[in-house]
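Chain residues, written in single-letter form:
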Amino acid sequence: MFQNMTTKGKLATILVISFILHLVATLFLSHLGDPEYWPRIMQTVNSGNGIYGLDGNYYTPIWGYLLSFVDMVIQTFGLIPFFGDVFESLLPLETTAMKAWIVSPEIALATKMPLVICNLIVGYILFKIVSDFTKSENKGLTAAAMWCFCPIVIYMSSVQGQFDTISTLLFLLTIQLLREDRSLLAGLSFGLAVWLKLFPGVCLLLFVAYLFARYDNAGAI
């Protein structure tokens, strides 16, 4: 049945099944660390305090701004009645990886589902880049499936609640924009990717070399 589908149908099937797997993991599994830390950042904003003067906050400001936006939507529409339950007797045992409170299912969905959507978009962009580069839609579908069904990808977004997928999305968008000769937008996308997670910065020299090679050969430099 799958083999008889059109390319769009196959891609849609991959994305839908991947979404279901992400959703199941989000609802039934959780990492005792980061998912419990994100609501604390939201509550810090609610109390009128600054985010980055606090001890123990090791994340870049962009992620805090994104969490603040999610919190604004939640508070404006009253979507989530409570963020979680605190077990006061366990507070002395808290560590960086183990927290003394459990977030509510609603806040877990609110913080993780945007990451899941980013994963699906990454799968689509991978399909587009690989298909265009190899001139093979089957290879593009394979690339999308390898990403969408990768256990590590599902774990990072739906279980641990880490936001690496947003930076990955911006990084791939940078590549696609460069291939479309839209260098300014590519630079903006790459800058946001680095501000969100520092690791894409290691490719800066590669992008600069690519631009010099492309435009110098065309006589633009």
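Scroll up to find the structure.
Summarised in this report is the structure supplied together with it. (Residues numbered from 1 in each chain as written. Predicted model: local features only at pLDDT ≥ 70, side-chain atom pairs only at ≥ 80, totals over all residues. Heavy atoms only, no water.)

Re the packing of aromatic side chains
Part 1 of the argument: Evaluated as defined, the whole model comprises 5 aromatic pairs.
Part 2 of the argument: Relative to Phe163, the ring of Trp63 lies with its centre 4.4 Å away and its plane at 10°, an arrangement referred to as stacked. In this pair, Trp63 is assigned in helix H3 (residues 61-77) and Phe163 in the loop between helix H6 (151-159) and helix H7 (164-179), connecting sequence segments 100 residues apart.
Part 3 of the argument: Residue class for Trp63 comes out buried when judged on its relative accessible area of 4%.
Part 4 of the argument: Pairing Phe190 with Phe207 gives two aromatic rings, centres 5.2 Å apart and planes at 85°, and the pair type is edge-to-face. Taken as a pair, Phe190 in helix H8 (residues 183-196) and Phe207 in helix H9 (residues 204-217) lie far apart in primary sequence, 17 residues in all. For the pair shown, Phe190 and Phe207 are each scored as buried.
Part 5 of the argument: These aromatic residues form a ring-pair network of at least three members: Trp38, Trp63 and Phe163.
Part 6 of the argument: Sitting over the face of the ring of Phe163, Lys197 holds its NZ or CZ atom 4.6 Å from the ring centroid. (Phe/Tyr/Trp six-rings, centres within 6.5 Å; stacked < 30°, edge-to-face > 60°. Helix = DSSP H or I, 4+ residues; strand = E, 2+ residues; numbered from the N terminus. Buried < 20%, exposed > 50% of the residue type's maximum accessible area, 1.4 Å probe, protein only. Lys NZ or Arg CZ within 6 Å of the ring centre and 35° of its normal.)

Observations concerning unusual backbone geometry
Apart from glycine, the bulk of residues carry a negative phi angle, and the bulk of peptide bonds sit in the trans form.
Part 1 of the argument: Phi at Lys135 is positive, roughly 60°, even though this residue is not glycine.
Part 2 of the argument: With respect to the helices and strands, Lys135 occurs in the loop between helix H4 (105-134) and helix H5 (137-148).
Part 3 of the argument: You can call Lys135 exposed: its relative accessible area is 74%.
Part 4 of the argument: Its identity as a non-glycine residue notwithstanding, Asp181 has a phi of 65°, on the positive side.
Part 5 of the argument: By the element assignment, Asp181 lies in the loop between H7 and H8.
Part 6 of the argument: For Asp181, a relative accessible area of 43% puts it in the partly exposed group.

What about the nonpolar core?
Part 1 of the argument: Ranked by internal contacts, the top residues of the largest apolar core, which has 38 residues, are Trp38, Trp63, Ile74, Ile107, Phe163 and Ile166.
Part 2 of the argument: Those elements that place two or more of their residues in this core are helix H1 (7-28), helix H2 (34-46), H3, H4, H5, H7 and H8.
Part 3 of the argument: Of the residues forming this core, the biggest block, 11 residues, is contributed by H4.
Part 4 of the argument: Formed by 7 residues, the second largest nonpolar core is a distinct cluster that contains Leu177, Leu178, Phe190 and Cys203. (Core = buried A, V, L, I, M, F, W, Y, C linked by side-chain atoms within 4.5 Å.)

Details of the environment of Thr13
Part 1 of the argument: Here Thr13 shows up in helix H1.
Part 2 of the argument: Along the primary structure Thr13 and Ala145 are separated by 132 residues, whereas in three dimensions their C-alpha atoms are 9.9 Å apart.
Part 3 of the argument: If we ignore the near neighbours within four places in the chain, the residues touching Thr13 are Phe2 and Met5.
Part 4 of the argument: A distance of 2.8 Å separates the side chain of Thr13 from the backbone oxygen of Gly9, its partner in a polar contact. (Contact = heavy atoms within 4.5 Å. Polar contact = N/O pair within 3.5 Å; in protein donor to acceptor, adjacent residues only side chain to side chain.)

Brief notes about the packing of H3 against H4
Part 1 of the argument: Close contact between H3 and H4 brings their axes to 11 Å; oriented N to C, the two are set at 130°. The angle between the axes of H3 and H4 places the two elements in the oblique class. Note on packing geometry: the crossing formed by H3 with H4 is right-handed. Where H3 abuts H4, its residues Trp63, Leu67, Val70 and Ile74 lie against Ile107, Ala110, Thr111 and Leu115.
Part 2 of the argument: For the contact of H3 with H4, a count of residues per class yields 7 nonpolar, 1 polar and no charged. (Axes fitted to C-alpha atoms, helices over the stretch in contact; angles between N-to-C directions. Parallel < 35°, antiparallel > 145°, perpendicular 65-115°, else oblique. Left-handed = near helix turned anticlockwise from the far one by under 90°. Nonpolar A, V, L, I, M, F, W, Y, C, P; charged D, E, K, R; others polar.)

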